[in-house]
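Residue strings, one per chain:
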Amino acid sequence: MAAILMQSGAAQAPAKPDDERPVTTMSVKVNVVNLLATVRDKHGQIVHDLSKDDFVLSEDGRTQTIRYFSRESDLPLTLGLLVDTSMSQMRVLDQERNASHSFLDRMVREDKDKAFIIHFDREVELLQDLTSSHEKLEAALESLQRPQLARASTGGNSPDPDPYPGQGGGRGSGHRFGGGGTHLYDAVYLASDEVLKKQQGRKALIILSDGVDMGSKETLEYAIETAQRADTVVYSILFKDDEAYGGNHGGFGGPRIGMGGPGMGGGMGRRGGGGQRYPQERRPDGKKVLERISQETGGRMFEVSKKQGVDDIYSQIESELRSQYSIGYTPDRGGASAAGYHKIQLVAKTKDLTIQTREGYYAEQ
């Protein structure tokens, strides 16, 4: 994960005790890019004992000097859980919920970390805003079952109200969010743009889904870009029910579309526009989608299987989040423009070591 921090340092001119002249203060702003990196050996084991001299860092092909380095990962963590509650996930939802209970109990330290929970299907809904309370997080996870029951009682055919009255419904004039679908890209976009972008420090998203988006207004590319701009690493857990696509892939859930959970002050707003940003491809390869989201943000994609259950995967994610190197540098661009996207390459001097970090970051100016 990379973050651009504007650090202000103040240098105060010395003055004699009897000097009543105004004190001169100089403020200096320095752009510092921070990376979080995980290192593995050729056997896939995490390496904990490297120093900054073991790394070579470059930005846009230009070698950079590592100025800040720490093996300590005890920094506060902001964690978001995005759970796919579409019809394709109905039969695996119990396993996802139970494993998530245990993971959040272990991962969220009530005196230091915060987490939030979002579910997405034909809507994107914030079930629990940022909190350190295990009780609130557990209650939100339990509520993942409730939308299914609500849909079953109505036969799944009740119309959706316009979530943004007077705004043309979401991005496009007259375009509504209603109908069946799996709004994965919208969930990543909203979690990054409206929750995580406002937070400082370590930030991570965990997606539980089969990766098949249907009906999002945002594209995959823009969802990834928004996560990158929010300096958020995304882990994906591919949980696929191969038999699910024999029937309806429509989602289930309450009537709200947009994120209006506790503390959010109503539904999460969207810019106006003409429907989806770019044409969406027909049913994409969910595994490739999740791999791309995670790779481009510095996370990993895991696939649930008979040999690797969701509990095992959560344990690996937990280990990674607790074993990251924190690396910081002040970009030396040789006079090139600061604005825009900058590609980062971080490699180890020792052979057979693999580094997992984000591929780049966006600088505003």
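The text that follows walks through the structure, step by step, so that each part is easy to find. (Residues numbered from 1 in each chain as written. Predicted model: local features only at pLDDT ≥ 70, side-chain atom pairs only at ≥ 80, totals over all residues. Heavy atoms only, no water.)

With that settled, the discussion passes to the packing of aromatic side chains. In total, this model carries 6 aromatic pairs according to the counting rule given. Aromatic pair Phe 103 and Tyr 314: ring centres 4.4 Å apart, planes at 15°, arrangement stacked. Highlighted residues: Phe 103 in helix H1 (residues 93-107) and Tyr 314 in helix H7 (residues 310-321), separated in sequence by 211 residues. A relative accessible area of 1% places Tyr 314 in the buried class. Among the aromatic residues, ring-to-ring pairing joins Phe 55, Phe 69 and Tyr 325 into one connected group. (Phe/Tyr/Trp six-rings, centres within 6.5 Å; stacked < 30°, edge-to-face > 60°. Helix = DSSP H or I, 4+ residues; strand = E, 2+ residues; numbered from the N terminus. Buried < 20%, exposed > 50% of the residue type's maximum accessible area, 1.4 Å probe, protein only.)

Turning our eyes to something else, we now look at the nonpolar core. Leu 79, Leu 81, Leu 104, Ile 206, Ile 237, Tyr 314 and Ile 317 are the most contacted members of the largest nonpolar core, which totals 32 residues. Contributions of two or more residues to this core are made by strand S6 (77-84), H1, strand S7 (114-120), helix H2 (134-142), strand S9 (202-209), strand S10 (233-238) and H7. Excluding anything up to four places from it in sequence, Ile 237 contacts Ile 206, Ile 207, Leu 208, Ser 209, Leu 290, Phe 302, Val 304, Val 310, Ile 313, Tyr 314 and Ile 317. One finds Leu 196, Ala 223, Val 234 and Leu 238 within the second-largest nonpolar core, a separate group that totals 29 residues. (Core = buried A, V, L, I, M, F, W, Y, C linked by side-chain atoms within 4.5 Å. Contact = heavy atoms within 4.5 Å.)

Running from N to C, H1 and H7 cross one another at 25°; their axes reach a closest spacing of 9 Å. Taken together, the axes of H1 and H7 are roughly parallel relative to one another. For the crossing formed where H1 meets H7, the hand is right-handed. When H1 is examined against H7, the residues Gln 95, Ala 99, Ser 100, Phe 103, Arg 106 and Met 107 are found in contact with a partner set consisting of Val 310, Asp 311, Tyr 314, Ser 315, Ile 317, Glu 318 and Leu 321. Across the contact of H1 with H7, the residue classes break down as 7 nonpolar, 3 polar and 3 charged. (Axes fitted to C-alpha atoms, helices over the stretch in contact; angles between N-to-C directions. Parallel < 35°, antiparallel > 145°, perpendicular 65-115°, else oblique. Left-handed = near helix turned anticlockwise from the far one by under 90°. Nonpolar A, V, L, I, M, F, W, Y, C, P; charged D, E, K, R; others polar.)

A separate point is the packing of helix H4 (residues 184-194) against helix H5 (residues 220-229). A packed helix pair is summarised by two numbers, namely the angle formed by the two axes and the spacing between the axes. At a minimum axis distance of 8 Å, the contact between H4 and H5 shows a crossing angle of 20°. On the basis of the axis angle, H4 is roughly parallel to H5. Handedness of the crossing formed by H4 with H5: left-handed. Along its contact with H4, which presents Tyr 185, Val 188, Tyr 189, Ser 192 and Asp 193, the element H5 presents Leu 220, Tyr 222, Ala 223, Thr 226 and Ala 227.

Below, the discussion takes up H5. In terms of burial, H5 is a largely internal element, 7 of the 10 residues being buried. Looking at the residues trailing H5, positive phi occurs at Asp 231, about 55°.

In spatial order, the strands read S4-S3-S13-S15; together these 4 strands make up an open sheet with antiparallel pairing. The open sheet has two edge strands with one neighbour each: strand S4 (62-64) and strand S15 (360-363). Across the sheet, the axes of successive neighbouring strands diverge by a mean angle of 35°, strand direction being ignored. Note: strand S3 (residues 55-59) against strand S13 (residues 340-348), 5 bridges, orientation antiparallel. From the neighbouring strand, Phe 55 faces S13, where its bridge partner is Ala 348. (Pairing = 2+ DSSP bridges.)

A cluster of acidic side chains, namely Asp 105, Glu 110, Asp 111 and Glu 135, defines a negative patch on the protein surface. Positionally, Glu 135 belongs in helix H2. (Patch = residues over 30% accessible without salt bridge, like charges linked within 9 Å, V, L, I, M, F, W, Y side chains within 5 Å. Areas by Shrake-Rupley, 256 points an atom, 1.4 Å probe, with all protein chains shown as cover. Salt bridge = Lys/Arg side-chain N within 4 Å of Asp/Glu carboxyl O. Lys, Arg positive; Asp, Glu negative; His and termini not counted. Charge placed at Lys NZ, Arg CZ, Asp CG, Glu CD.)

Quick look at unusual backbone geometry now. Among all residues except glycine, the phi angle is most often negative; among peptide bonds, the trans geometry is most common. One non-glycine residue, Asp 60, lies in positive phi territory at about 50°. Along the chain, Asp 60 falls in the loop between S3 and S4. For Asp 60, a relative accessible area of 47% gives the class partly exposed. Backbone geometry places Asp 231, a non-glycine residue, at a positive phi of 55°.

Here we take up the sheet that holds strand S8 (residues 124-131). With mixed pairing, the 6 strands of this open sheet are ordered in space as S8-S7-S6-S9-S10-S11. If you trace the sheet from one side to the other, it starts and ends with S8 and strand S11 (301-303), each paired once. Adjacent strand axes in the sheet meet at a mean angle of 15°, parallel and antiparallel pairs treated alike. Bridge count between S10 and S11: 3 bridges; the pairing is parallel. The partner of Ser 236 across the bridge, within S11, is Met 301. Along the sheet, H1 contacts S6, S7 and S9; its crossing angle with S6, the most-contacted strand, is approximately 175°.

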